[in-house]
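# A closer look at the structure
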Amino acid sequence: MNNQATQQQLIQADLHAQGSIEPQHEVDKRVDFLCNQMLETGQHALVLGISGGVDSTVAGRLAQLAVEKARNKGSDARFYAMRLPYGEQKDEDDAQQALTFISPDEVLNVNVKPPSDALLASLEEGGLTFQDAAQRDFVLGNIKARQRMVAQYAVAGAKSGLVVGTDQAAEALMGFFTKYGDGACDLAPLTGLTKGQVREIGAALNAPASLVEKLPTADLESLKPQLADEVALGVTYAEIDAFLTGQQVSEQAYTTITRTYQRTDHKRQLPRTP
Ligand SMILES: Nc1ncnc2c1ncn2[C@@H]1O[C@H](COP(=O)(O)OP(=O)(O)OC[C@H]2O[C@@H]([n+]3cccc(C(=O)O)c3)[C@H](O)[C@@H]2O)[C@@H](O)[C@H]1O
Ligand SMILES: Nc1ncnc2c1ncn2[C@@H]1O[C@H](COP(=O)(O)OP(=O)(O)OP(=O)(O)O)[C@@H](O)[C@H]1O
Ligand SMILES: [Mg+2]
């Protein structure tokens, strides 16, 4: 086996990626995981932001199925789905379609624009300056992701709940999440799945095809609304998934992926200590 294939195998194992999945088996396994976590911890709720993207559509439906299963076992578990737009969201219709599909016990609508803008204004009043408008916008993007984390943990605190995250192997590989923003959670039910496998599970759950096939976007930068992840990453999800499932990828994709994986190692670890 050549060096490239060995390195791919090591990373695949590190991220718990599988070459292929049986979607219904993964649904059952991951619903059981969420249900058992509720029962074992004695917590009473699951909490998750629903964006209108495929990851939160799938994780949200798994969460609703899990609390229903826990209730069948005598728990009073409830799922709190949260809409967390930054002002008006361009793909709000998709978010509403996701909510209809998920059928959560509760929906909370929280606008993260006022707290995000207020924090940025306070930082600037406090003396923080930026290189340019693009850097300021990028930093504000991560503030939005972290305000969503704050909002979800507030609900978890009030309802004795656990925060669900949507990190999967493709985002983990590329460190494509905000550290302590959407990267922060108590339970990560999509761990190990490629983007394509998340879509396979969405299809097995009968999620609307338009959401299953939707173009992924972090949608954090106001100056680049709905920016496709693949443009930001400089590599396609098809190439990322191929890398994760042990297939050969182009030299350029291999270099981009392995360099990004190494550069973002700190995002997949606990804080460094002396
Ligand atoms: N070597 C190192 N060792 C330990 N810590 C290190 C470090 N280098 C930076 N850091 C720390 O990490 C910080 C950078 O990480 P972070 O704050 O996350 O910021 P960063 O990785 O620069 O930005 C987050 C990226 O994730 C994308 N994202 C975010 C949220 C959701 C999604 C999505 O797919 O929906 C995507 C977003 O578009 C952006 O490209 C630095 O400011 C520093 O505090
Ligand atoms: N506007 C939003 N409202 C509620 N939650 C959000 C919003 N934006 C992001 N989130 C939360 O942050 C998570 C990370 O965003 P991310 O874009 O990776 O996932 P997604 O939108 O579900 O799917 P995709 O990656 O395909 O766009 C989401 O899964 C969701 O839980
Ligand atoms: Mg998204």
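Residues numbered from 1 in each chain as written. Chains lettered and ligands numbered in written order. Predicted model: local features only at pLDDT ≥ 70, side-chain atom pairs only at ≥ 80, totals over all residues.

## Thoughts on unusual backbone geometry
Worth spelling out the cut-off: Per the convention used, a helix needs a DSSP run of H or I reaching at least four residues, while a strand needs a run of E reaching at least two, with both numbered from the N terminus.
Of note in this structure, Ser 160 is not a glycine but carries a positive phi near 50 degrees. Within the fold, Ser 160 resides in the loop between helix H6 (133-158) and strand S4 (161-163). Unlike most non-glycine residues, Asn 206 shows phi in positive territory, near 65 degrees. Its place among the elements puts Asn 206 in the loop between helix H8 (195-204) and helix H9 (209-212).

## Some details on the site of ligand 1
This is how it is decided: Any residue qualifies as near a molecule or strand once its backbone-derived C-beta atom lies within 6 Å of it. In this classification, Asp, Glu, Lys and Arg are treated as charged, Ala, Val, Leu, Ile, Met, Phe, Trp, Tyr, Cys and Pro as nonpolar, and every other residue, Gly included, as polar.
Taken together, 14 residues form the shell around ligand 1, and within it Ala 145, Thr 178, Lys 179, Ala 218 and His 266 come nearest. Of all elements in the fold, only H6 and helix H10 (229-233) reach the threshold of two or more residues within the shell around ligand 1. Taken together, the residues of the shell around ligand 1 sort by class into six nonpolar, four polar and four charged.

## Topic: the pairing of strand S3 (residues 106-109)
The following threshold applies: Strands were regarded as paired on the criterion that DSSP finds at least two bridges between them.
Bridging between strand S2 (residues 78-83) and S3 involves four bridges; their strand directions are parallel. Across the sheet, the residue bridging to Arg 83 is Asn 109, located in S3.

## Some thoughts on the UniProt feature "binding site: Mg(2+)" (unreviewed entry) in the protein chain
Convention followed: UniProt positions are given in the numbering used here, feature names are shortened, and annotations may be inferred rather than shown by experiment. Exposure classes come from backbone-placed C-beta atoms, where a residue is buried if 20 or more other C-beta atoms lie within 10 Å of its own, exposed if 12 or fewer do, and partly exposed in between. C-beta atoms are placed from the backbone for every residue, and two residues are taken to be in contact when these atoms lie within 7 Å.
Per the UniProt annotation, the sites labelled "binding site: Mg(2+)" (unreviewed entry) are Asp 55 and Glu 171. Over a stretch of 117 residues, the named residues converge on one spot in the fold, their C-alpha atoms separated by at most 10.6 Å. Here Asp 55 lies in helix H3 (residues 54-72). Summarising the element assignment, Glu 171 is placed in helix H7 (residues 169-174). On the basis of neighbour count, Glu 171 is assigned to the buried category, with 25 C-beta atoms found within 10 Å. Every residue in contact with Glu 171, bar those within four places of it in the chain, is listed here: Phe 176 and Phe 177.

## Quick look at the packing of H3 against helix H4 (residues 92-102)
This is how it is decided: Lines are fitted to the C-alpha atoms to define the axes, a helix being fitted only along its stretch in contact, and any angle between axes, read from their N-to-C directions, falls within 0 to 180 degrees. Relative orientations are named as follows: roughly parallel for angles under 35 degrees, roughly antiparallel for angles over 145 degrees, roughly perpendicular for angles from 65 to 115 degrees, and oblique for any other angle. Each crossing is labelled by how the near helix is turned from the far one, with a counterclockwise turn of less than a right angle marking it left-handed and a clockwise turn marking it right-handed.
Interaxial distance between H3 and H4 falls to 9 Å at its minimum, and their mutual angle equals 25 degrees. Classified by the interaxial angle, the pair formed by H3 and H4 is roughly parallel. Once H3 is placed against H4, the crossing between them reads as right-handed. The residues of H4 that touch H3, namely those facing Ser 56, Thr 57, Gly 60, Arg 61 and Gln 64, are Ala 98, Phe 101 and Ile 102. Along the lines of polarity and charge, the residues of the contact of H3 with H4 split into three nonpolar, four polar and one charged.

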